[in-house]
Amino acid sequence: MRRRPGIGGLQTAAAARDQYRLLGENVAKIRTDLMKEQLATFRSQLEDFARKHKNDIKKNPAFRSQFHEMCAKIGVDPLASNKGFWAELLGIGDFYYELGVQIVDICLATRSHNGGLINLQELCTLLCQRRKTAREAISEDDCLRAISKLKVLGSGFEVISVGKKKLVRSVPTELNKDHNEILELAQAHGYVTVNEVDRRLSWSSGRAIDALDTLLEEGLAMIDDGHRDGKRRYWFPCVSFSASVGSEALKT
Amino acid sequence: MQKLGDFKLPHFFNYPPYFTLQPVRDTREKQLQLWKELILDFCRTQKIFIIGLEEEFSLFTNPVIERSLSHEAKETFLSALVSEGRAEWIDKGHKKCLILWLRIQDWADCILRFVKDNGLEDSVMTIEEIRSGIESRGTELHGMDRTVLIRALKLLEHKGKAAIFKGTSADDEGVKFSV
């Protein structure tokens, strides 16, 4: 803008600024309204969609997981409350609470086998076995959602990633970096030896023994002195025990 | 699933660390529990009464994973059964162990049931007949250990429900039921 001299010039400039501001506000308001409208439409569409595909959401775990993802993107949490539209429509809240209770059950029953650390995949298999009678299939995604709801109870349920696997922790044991690395190493064969840990992670021998002793104490590892080579193996039920062994634990 | 004859082995039998005594208390308790159940189950279905610790015993070795129980482990598991009254050491050196998958009392009840089912009240049978006769075929009594049988019968005698009498030789001891 070309600057003109005098009071008159300053006043014109101020008036022009006001005009611009007003116009800007209008444009912004129109945009927000439009956005709001779009979101409202989207939301009602989502509700329509949920109503229409109610059965799919209930029965098909893959569909359910995609639905959750979609909801999360527009800030709708079907699990947030057990009351209201979503719960009434889908009964999803109850579904996950039920899963949560069953997950706690399984974790407790298998604790003496695995020290309170269970492979998510195995947990899911056990959950399905347990719910044989229920019609809906359960996916790992469902397990994760149910576990995230358990966190509210402050009971120390947590999902940790070790290597490629996800493990569900139901005891307050703190696993440090060393422990995690050993668990990751153990995924290859289900066990590790002190030598192997030293070699693969380039640790001093004392460090490996320390970490393995802790894991043993916590009930997460079991020793095996029976191999021909006479080297002690440390097995980790949470990464190597098959689901079928876990189901034996459930029976007793 | 792995089998031993017609016996279905549990999954833990294929997990190597279960063949090594576990040093941590909680883990060992679980290990003991599983082995105790397995031993009783196996002996019951295979009608095994005596386990010799120094002899080959198929349940204590798993060739598939190349693991066997150590002498110490065998003795620990069997001692746990002994302390629960489900087994007895036959000798002081703990080399042979009598497995009571049924307690003597349960065996006595079993005999009474057998007597009633077959209308043998007030009749006489020899010990051998009970162990291997036609009547007992298909019941738990068939093929049972002689000493266990005699102990169960003595318990019944003590309760006044049977009377044992000696024949001319050791193998024709008889028993008269008076249920």
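Relevant structure appears above.
Everything quoted here is computed from the prediction, not taken from an experiment.

### Concerning the interface of chain A and chain B
So, step 1. Residue-level contacts link 22 residues of chain A with 18 residues of chain B.
So, step 2. Both faces combined, the contact of chain A with chain B buries some 1800 Å², and carbon together with sulfur accounts for 59% of it.
So, step 3. Inspection of the region where chain A meets chain B yields two salt bridges.
So, step 4. We note a salt bridge from A:Asp224 to B:Arg67, for which the minimum N-O separation is 2.7 Å.
So, step 5. At the boundary of chain A and chain B, one finds five residue pairs in polar contact (both at pLDDT 80 or more).
So, step 6. Contributing elements (two or more residues each) for the side of chain A that touches chain B: helix H6 (111–114), helix H11 (205–217), strand S5 (222–224), strand S6 (233–235), helix H12 (237–240) and helix H13 (243–251) of chain A.
So, step 7. The class makeup of the residues in the side of chain A that touches chain B is eight nonpolar, eight polar and six charged.

### A look at the sheet that holds strand S2 (residues 158–162) of chain A
Sheet strands pair by backbone hydrogen bonding; their relative direction is either parallel or antiparallel.
All names here are of chain A.
So, step 1. Pairing within the open sheet is antiparallel, and its three strands lie in the order S1-S3-S2. One side of each edge strand has no neighbouring strand; the edge strands of this open sheet are strand S1 (117–119) and S2. Here the strands of the sheet are splayed against their neighbours by 35 degrees on average, with no regard to which way each runs.
So, step 2. Taken together, the five bridges between S2 and strand S3 (residues 165–169) define a ladder with antiparallel strand orientation. Note on S3: the bridge partner recorded for Glu158 is Arg169.
So, step 3. The sheet contacts of helix H7 (residues 120–130) involve S1 and S3, and relative to S1 the element is tilted by about 80 degrees.

### A look at the nonpolar core
So, step 1. Residues B:Trp35 and B:Ile39 are the most contacted members of the largest nonpolar core, which totals 64 residues.
So, step 2. Secondary structure elements with two or more residues in this core: helix H1 (25–46), helix H2 (71–83), strand S6 (87–89), strand S7 (96–99), helix H3 (104–117), helix H4 (127–132), helix H5 (146–158) and strand S10 (174–177) of chain B.
So, step 3. Ranked by size, the runner-up nonpolar core spans 26 residues in total, among them A:Val192, A:Val197, A:Leu215 and A:Ala221.

### Digging into helix H3 (residues 61–73) of chain A
So, step 1. With 13 residues, H3(A) extends 19 Å between its outermost C-alpha atoms, agreeing within 8% with the 18 Å of an ideal straight helix rising 1.5 Å per residue.
So, step 2. Taking the backbone nitrogen of A:Ala62 as reference, a side-chain oxygen 3.0 Å away marks A:Asn60 as the first, capping residue of H3(A).

### Observations regarding the sheet that holds strand S9 (residues 162–165) of chain B
Residue and element names in this part refer to chain B.
So, step 1. Here we have three strands laid out as an open sheet, ordered S8-S10-S9, and antiparallel in their pairing. In this open sheet, the two strands that pair with only one neighbour each are strand S8 (124–126) and S9. Taken pair by pair, the neighbouring strands of this sheet meet at an average axis angle of 25 degrees, ignoring direction.
So, step 2. Packing against the sheet, H5 makes contact with S9 and S10, and its axis sits at approximately 125 degrees to S9.

Cut-offs and rules
Residues numbered from 1 in each chain as written. Chains lettered and ligands numbered in written order. Predicted model: local features only at pLDDT ≥ 70, side-chain atom pairs only at ≥ 80, totals over all residues. Heavy atoms only, no water. Contact = heavy atoms within 4.5 Å. Buried area = accessible area lost by both parts, 1.4 Å probe. Salt bridge = Lys/Arg side-chain N within 4 Å of Asp/Glu carboxyl O. Polar contact = N/O pair within 3.5 Å; in protein donor to acceptor, adjacent residues only side chain to side chain. Helix = DSSP H or I, 4+ residues; strand = E, 2+ residues; numbered from the N terminus. Nonpolar A, V, L, I, M, F, W, Y, C, P; charged D, E, K, R; others polar. Pairing = 2+ DSSP bridges. Axes fitted to C-alpha atoms, helices over the stretch in contact; angles between N-to-C directions. Core = buried A, V, L, I, M, F, W, Y, C linked by side-chain atoms within 4.5 Å. Buried < 20%, exposed > 50% of the residue type's maximum accessible area, 1.4 Å probe, protein only. Expected span 1.5 Å × (residues − 1).

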